[in-house]
Every structure is written in structure tokens, then in C-alpha cells.
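Coordinate inspection notes
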Amino acid sequence: MRAQNCDCKVLAHREVTAGIRLLQVEWTDREHAPRAGQFYMLRCWRSDEAPLLSRPISVHEWDAEAGVVTFLYEVRGEGTRKLAALRPGDSLNLTGPAGNGWPVDQLLGKKVALVGGGIGTAPLLQLAKELAAAGEKPAMFCGFRDEPYRLDAFEPYCSGVAVATDSGRFGHHGLVTALYNSADYDVICCCGPTPMMKAATGLALEAGAEILVSLENKMACGIGACLGCTCHSRKKGAISVCKQGPVLKGEDVYG
Ligand code: FES
């Protein structure tokens, strides 16, 4: 399915916690409905204005009935600072949905753990919702630097939500990978900082569990045309993250 490009209306936009924002945008193109784990390229500035590149942001939630796509993002550069200024009623250019997404059908009937780190928890919510809608609630494990966010959004769709923080202010004081035993699960679906995904991959492979990681590489075109997002794996060579990913087997990326 080809990614669409259109100007869409901002419906709601708020700060969830310092530097983390929740953006809801109208997406009425039901023929091109996003799947869990896919992303859009977002842009609210002119094509001749900096930054040059649109910002890839994964789908946090998709409400098919209302035609609303929700993004959860961290303000950490010029593009996201511009996005942060958007108000309800403003127009925003979206290109997408892009990427492969989580293979939800292949996860059914399996014991699934969702493992997220910081803003990497964002693409796991729609996955939890789709699994729960199919009658299977995954276990959720998430790590944050200090203050957790959006846990309440996950709770209805997960069998449990366990938290670790670097600061020790909430939940387990330490790494998210200490919260679970990979051997208890068939598949680990993971998104977060690279060291966390590498560690989670090592643990999963050791335990004989499958692991899928969602990469958050910098992107230029977002549709497989520029090689701007290529990652190099020993096993698979050059991988175009926007086209072949962003969801990939952990061993293909870190093996
Ligand atoms: Fe252009 Fe992936 S961003 S090929």
C-alpha cells in the first residue's frame, strides 16, 4: 500500500509530562488506515524552511471509528519544537502510513511481552490494543529515566504493567530488562534506546524467545527512496529501516 500525503487537522495537542507531547490528528482516509508499528512523516513548516527533513513519528494509537491518529513524541530537535507549537485547528502535513508495522497476526496464540524504554513505549500502545481486541493481553514492561508516563493508557490492554526507572523514584530501580525473564515468553516486542534493545535481544536469544525490535533511525524520505535510514547488520547487510522495518528481528539487527 502506498503512503499517502495530505494536510490534516490537529484535533488536540497537550503536554503529557515535561518534553513529552500527545498529538491527535484527523485521518479520514480509512483505505489507508495505519497498522500498529507503522509511522508517518510529519511536517508543519514549508518545504524551503529548516529543518530540511520531515519528522518520522510512530503511531501511538489509531481510532478507526473516529478517524483519529494519535502520536506521542519527545521534543528534542528543531522539527519537534515546531510540532510542539501546533494548536487544535492547525494544519499538519502527514505522509504515511509507512513501514511494515508489528506482525500482529503472527503474535496471536503466543505469550507476548512488550518491552519499552522512554518514548520507545509509544509504538507499543496500538500493538497492545490490537492484541487485546483479539482476546490476548500482553505483559508490559517499561523503563523511564525518572517519571513514567501513559501507563494508564496501557493498563486496560495489558495483563500487567511493570515499571523500572533509572532514578528509582518509581518502580524497580534499574534496567527494564531486569523486570522479566525472557524464557517466560514466546515473543518479546521491544522499542527504546539502542543499548536497551541490544540487551533485550541478547537475553531473548539466550532464552530461545523470538524478539522483534522497532528501530527509530533518522529518516529522509520515509518511503525507501533515499537510503537515508539504512542500518548495517552483520547478518543482513544494509537494511532500509523505513521500508523493511521499522520492525525487524532482533538477531537481524544486532546478531
Ligand atoms: Fe529514505 Fe528510508 S528514509 S530510504
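Structure: above.
Since the model is a prediction, treat every value here as computed from it, not as a measurement.

In this section: the sheet that holds strand β4 (residues 55–58). Pairing is antiparallel in the open sheet, where seven strands are placed in the order β4-β3-β7-β1-β2-β6-β5. Where the open sheet ends on each side, the last strands, each with one partner, are β4 and β5 (61–63). This sheet shows a mean twist of 35° between the axes of neighbouring strands, independent of strand direction. One ladder, built from four bridges, connects strand β3 (residues 39–43) with β4; its direction is antiparallel. The residue of β4 that forms the bridge with Phe39 is Ser58.

Glancing now at helix α5 (residues 194–207). The terminal C-alpha atoms of α5, which comprises 14 residues, lie 20 Å apart, in line with the 20 Å expected from a rise of 1.5 Å per residue. Inspection of α5 places Met196, Met197, Ala200, Thr201 and Ala204 among the buried residues, and these make up the whole buried set. The arc that holds every buried residue of α5, seen down its axis, measures 135°, which confines them to one face. Exposed side of α5, more than 90 degrees from the buried face: Pro195 and Glu206 are the residues found there. The inward-facing, buried residues of α5 contact β8 (112–117), β12 (187–191), β13 (210–214) and α7 (250–254). Positive backbone phi, at 80°, marks Gly208, one or two positions downstream of α5.

Burial within helix α3 (residues 124–133) is extensive, with seven of its ten residues counted as buried. The inward-facing, buried residues of α3 abut β5, α2 (104–107), β8, β9 (139–144), α4 (151–154) and β12. Of the residues trailing α3, Gly135 is marked for its positive phi of about 90°.

Let's shift gears to the packing of aromatic side chains. Taken as a whole and assessed by the stated rule, the structure comprises five aromatic pairs. With a centroid separation of 4.9 Å and 70° between ring planes, the pair formed by Trp27 and Tyr40 is classed as edge-to-face. Placement of Trp27 in the loop between β2 (20–26) and β3 and of Tyr40 in strand β3 is noted, with a sequence separation of 13 residues between them. Of the two residues, Trp27 and Tyr40, both sit in the buried class. Taking the centre distance of 6.0 Å and the plane angle of 75° together, the rings of Phe141 and Tyr185 count as edge-to-face. You can see Phe141 sitting in strand β9 and its partner Tyr185 sitting in the loop between β11 (172–173) and β12, a full 44 residues away along the chain. Like Tyr185, Phe141 is buried. Here the guanidinium or amino end of Lys111 rests over the ring plane of Tyr185, the centre of that ring lying 5.3 Å away.

Here the focus is the pairing of β2. Among the seven residues of β2, five are classified as buried, and the element is accordingly described as predominantly covered. The hairpin formed by strand β1 (residues 4–17) and β2 contains two residues between the paired strands, and Gly19 there has a positive phi angle of roughly 80°. Across seven bridges, β2 lies against strand β6 (residues 68–74) in antiparallel orientation. Counted as the bridge partner of Arg21 is Tyr73 from β6.

Relative to the helices and strands, Lys9 resides in strand β1. Excluding anything up to four places from it in sequence, Lys9 contacts Gln24, Val25, Glu26, Gly89 and Asp90.

Under the defined criterion, the tally for this structure stands at nine salt bridges. Between Glu61 and Lys129 there is a salt bridge; the shortest N-O distance is 3.0 Å. Taken as a pair, Glu61 in strand β5 and Lys129 in helix α3 lie far apart in primary sequence, 68 residues in all. For Glu61, a relative accessible area of 18% puts it in the buried group. The network of salt bridges with shared partners includes Arg46, Asp48 and Glu49.

Basis of the calculations
- Residues numbered from 1 in each chain as written.
- Predicted model: local features only at pLDDT ≥ 70, side-chain atom pairs only at ≥ 80, totals over all residues.
- Heavy atoms only, no water.
- Pairing = 2+ DSSP bridges.
- Helix = DSSP H or I, 4+ residues; strand = E, 2+ residues; numbered from the N terminus.
- Axes fitted to C-alpha atoms, helices over the stretch in contact; angles between N-to-C directions.
- Expected span 1.5 Å × (residues − 1).
- Buried < 20%, exposed > 50% of the residue type's maximum accessible area, 1.4 Å probe, protein only.
- Arc of directions from axis to C-beta.
- Contact = heavy atoms within 4.5 Å.
- Phe/Tyr/Trp six-rings, centres within 6.5 Å; stacked < 30°, edge-to-face > 60°.
- Lys NZ or Arg CZ within 6 Å of the ring centre and 35° of its normal.
- Salt bridge = Lys/Arg side-chain N within 4 Å of Asp/Glu carboxyl O.

Treat this as a map of the structure, not an account of what it does.
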